[in-house]
Amino acid sequence: MSSKLEQDILARRTFAIISHPDAGKTTMTEKLLYFGGAIRDAGTVKAKKTGKFATSDWMEIEKQRGISVTSSVMQFDYSGCRVNILDTPGHQDFSEDTYRTLMAVDSAVMIIDAAKGIEAQTLKLFKVCSMRGIPIFTFINKLDRQGKEPLELIEELEEVLGIQAYAMNWPIGMGKEFYGIYDRYNKRIEQFRTEEDERFLPLDENGELAVDHEMKKSSYYTQAMDDIMLLDEAGNDFSKEKIIKGELTPVFFGSALTNFGVQTFLETYLQFAPTPQPRLTEEESLVEPLDDEFSGFVFKIQANMNPAHRDRIAFVRIVSGKFERGMNVTLTRTNKSFKVTQSTQFLADDRETVDEAVAGDIIGLYDTGNYQIGDTIVGGKKTFQFEKLPQFTPELFVRVTAKNVMKSKHFHKGIEQLVQEGAIQYYKTLHTEDIILGAVGQLQFEVFENRMKNEYNVEVRMEPIGNKMARWIENEEDVKESMSGPRSTLVHDRFGNYVFLFENEFAMRWFHDKNPDIKLYSLL
Ligand code: G4P
């Protein structure tokens, strides 16, 4: 591999921002893109979200609801790094796509609203990141407003998420009396709402503010200094190794909206964020980013990003080597080789053709139905398959039928393709062969209904059967159909495996008491 290519790969930083809706993910993304020079007007991303931005050609449903159903990818350069941000849907009704996107990143930035602390969706997304052991950087947002006490927030992080935290900086005051942040890492104080040239104040050798300043007289300053002393003495030690293993999260305080602390965050983040990481194959060997041959995996398939073209795009995370437009690749699953001529990269709404991309990058390949989620493509002669992407245990279920029975062929074709794409999960009852769909977020059903209508011309009837707990079975051979009951329905998944859909926790325990030999397990 040439040293230029090696340098290019090692300059990549690929991450996702995770947060509960309204914590400030869009605002933060926008500020990061602005620093990276990727957008000129810090307002573009926001405008897209609120529907004020007219050029969006994304799915109809996205436009109607003014939300990002799909995850897109944004790229910019900053201080010698090429940053790839993978966007994750910010709506409460997020979907499996959001989870799968986290399989394609090397680190995550977790945004927390200082007034709210850890919220439900943050917790879910955090768990997926932590299962992969990926480094998580925390930004506690909205310090320009009154929020929880900083010590309380750190404690909550550690207790609720079970991760060690290290405060990189510490707020001095908050809300109306927010003076700024005490930057433990860069050893300076960054003042809030202050002109660039006066923004940073130096510290003396005792860690106290080295210059005369009215802030020194404030009780907030004294409080912050007391807190920092406590952190120095009783808090966790800073450890780069622990950050990289995902055992310790560096915590930054700031305010995305007022653009405070964002640039410091970005600069510090880039120092510690991992370069592209290797990935395991099914044979458990590691494919390294600096391996010569190109390889990558499909983590998402997006249909009809532009309805005028009816195209499908397979999103590929490049794991090793370099991608060049026009190169020959082999799709391991089918062992078919072909030339890749149409490839794109994404920036907010604009898609542009990409000629070259390297390990760590995400590219979009035009797809006419060849790719499936989890597919591996390789450039060399020797093919292999990357580890399976995890499947997630759905929580919501509907029974689905075609409104018009004459459309049954289209109905089945549509379901088959959307299931393959990973848009929704498929189950079938044993004798009546009813089709049941499962999802982790309600929005998946809406997208399904909408796409069945627009792409397959079939109107569907969806009858909610409520929340269920889906459990797979380790010892399938011991399962008897007579174990199925109204509160513990036995179904097949799309691979023909048995799955019990339990009405609730109680039904599951009751089943377990009656059938102690059946070993149940859930996916993620
Ligand atoms: P999301 O993508 O995580 O859903 O959050 P988003 O950035 O859209 O932010 C949610 C709301 O929080 C927005 O207000 C945004 O302006 C506000 N916000 C983000 N960062 C900060 C911050 O640092 N301080 C304060 N005070 N507010 C912040 P909104 O009223 O819902 O929308 P808009 O009227 O600003 O468009």
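Above this text sits the structure in question.
The model shown is predicted, which means the values in this text are computed figures rather than measured ones.

Draft legend 1. Inspection of the packing of aromatic side chains at higher detail. For the coordinates displayed, the defined rule picks out 25 aromatic pairs. Seen in terms of ring centroids, F139 and F265 are 5.6 Å apart; in terms of plane orientation they differ by 70°. Their pairing is edge-to-face. Linking F139 in strand β5 (residues 136–141) with F265 in helix α10 (residues 262–272), this pair joins segments that are 126 residues apart in sequence. The pair formed by F139 and F265 is uniform in burial state, with each residue classed as buried. Between Y166 and F238, the ring centres sit 5.3 Å apart and the planes meet at 70°, which makes this aromatic pair edge-to-face. Of this pair, Y166 sits in strand β6 (residues 164–167) while F238 sits in the loop between α8 (219–234) and α9 (240–245), and the two are 72 residues apart along the sequence. When its relative accessible area of 13% is taken as the criterion, Y166 is described as buried. Relative accessible area serves as the criterion here: at 29%, F238 is assigned to the partly exposed category. Three or more aromatic residues joined by ring pairs make a cluster, and in this case those are F15, F137, F139, F252, F265 and Y269. Sitting above the plane of the F200 ring, R188 keeps its charged end 3.9 Å from the centroid.

Draft legend 2. Region of interest: the nonpolar core. Counting residues in each nonpolar core, the largest one holds 83 residues, and the members touching the most others are W170, I189, F253 and F323. Looking at this core element by element, the count peaks at six residues for strand β15 (residues 312–320). Counting the residues that make up this core, at least three belong to each of domain 1 (8–72 + 79–272) and domain 2 (279–378). Once residues within four sequence positions are removed from consideration, I189 is found in contact with I172, I181, Y182, R199, F200, L201, L203, L209, M215 and Y221. Core analysis: the second largest hydrophobic core is formed by 29 residues, F139, I243, F252 and L270 among them.

Draft legend 3. A look at the environment of M406. Turning to its location among the elements, M406 is positioned in the loop between β24 (396–402) and α11 (408–421). M406 sits in the exposed class, given a relative accessible area of 74%.

Draft legend 4. How the structure looks around a negative patch on the surface. On the surface, E149, E152, E155 and E159 cluster together to form a negatively charged patch. A relative accessible area of 48% places E149 in the partly exposed class.

Draft legend 5. Structural detail: the pattern of salt bridges. Applying the stated criterion across every chain yields a total of 20 salt bridges. D375 is the salt-bridge partner of R333, the closest N and O atoms lying 2.8 Å from each other. On the criterion of sequence distance, the pair formed by R333 in the loop between β17 (328–331) and β18 (336–339) and D375 in the loop between β22 (362–367) and β23 (376–378) is long-range, its members being 42 residues apart. Exposure remark for R333: the relative accessible area of 38% places this residue in the partly exposed category. The exposure class assigned to D375 is buried, which follows from its relative accessible area of 3%. In this structure, the salt-bridge partner of K403 is E459, at a minimum N-O distance of 3.7 Å. Of this pair, K403 sits in the loop between β24 and α11 while E459 sits in the loop between α12 (442–456) and β27 (460–467), placing them 56 residues apart in sequence. Overlapping salt bridges, with partners in common, bring together D106, R279 and R317 in one network.

What counts as what
- Residues numbered from 1 in each chain as written.
- Predicted model: local features only at pLDDT ≥ 70, side-chain atom pairs only at ≥ 80, totals over all residues.
- Heavy atoms only, no water.
- Phe/Tyr/Trp six-rings, centres within 6.5 Å; stacked < 30°, edge-to-face > 60°.
- Helix = DSSP H or I, 4+ residues; strand = E, 2+ residues; numbered from the N terminus.
- Buried < 20%, exposed > 50% of the residue type's maximum accessible area, 1.4 Å probe, protein only.
- Lys NZ or Arg CZ within 6 Å of the ring centre and 35° of its normal.
- Core = buried A, V, L, I, M, F, W, Y, C linked by side-chain atoms within 4.5 Å.
- Domains from an automatic or database assignment.
- Contact = heavy atoms within 4.5 Å.
- Patch = residues over 30% accessible without salt bridge, like charges linked within 9 Å, V, L, I, M, F, W, Y side chains within 5 Å.
- Areas by Shrake-Rupley, 256 points an atom, 1.4 Å probe, with all protein chains shown as cover.
- Salt bridge = Lys/Arg side-chain N within 4 Å of Asp/Glu carboxyl O.
- Lys, Arg positive; Asp, Glu negative; His and termini not counted.
- Charge placed at Lys NZ, Arg CZ, Asp CG, Glu CD.

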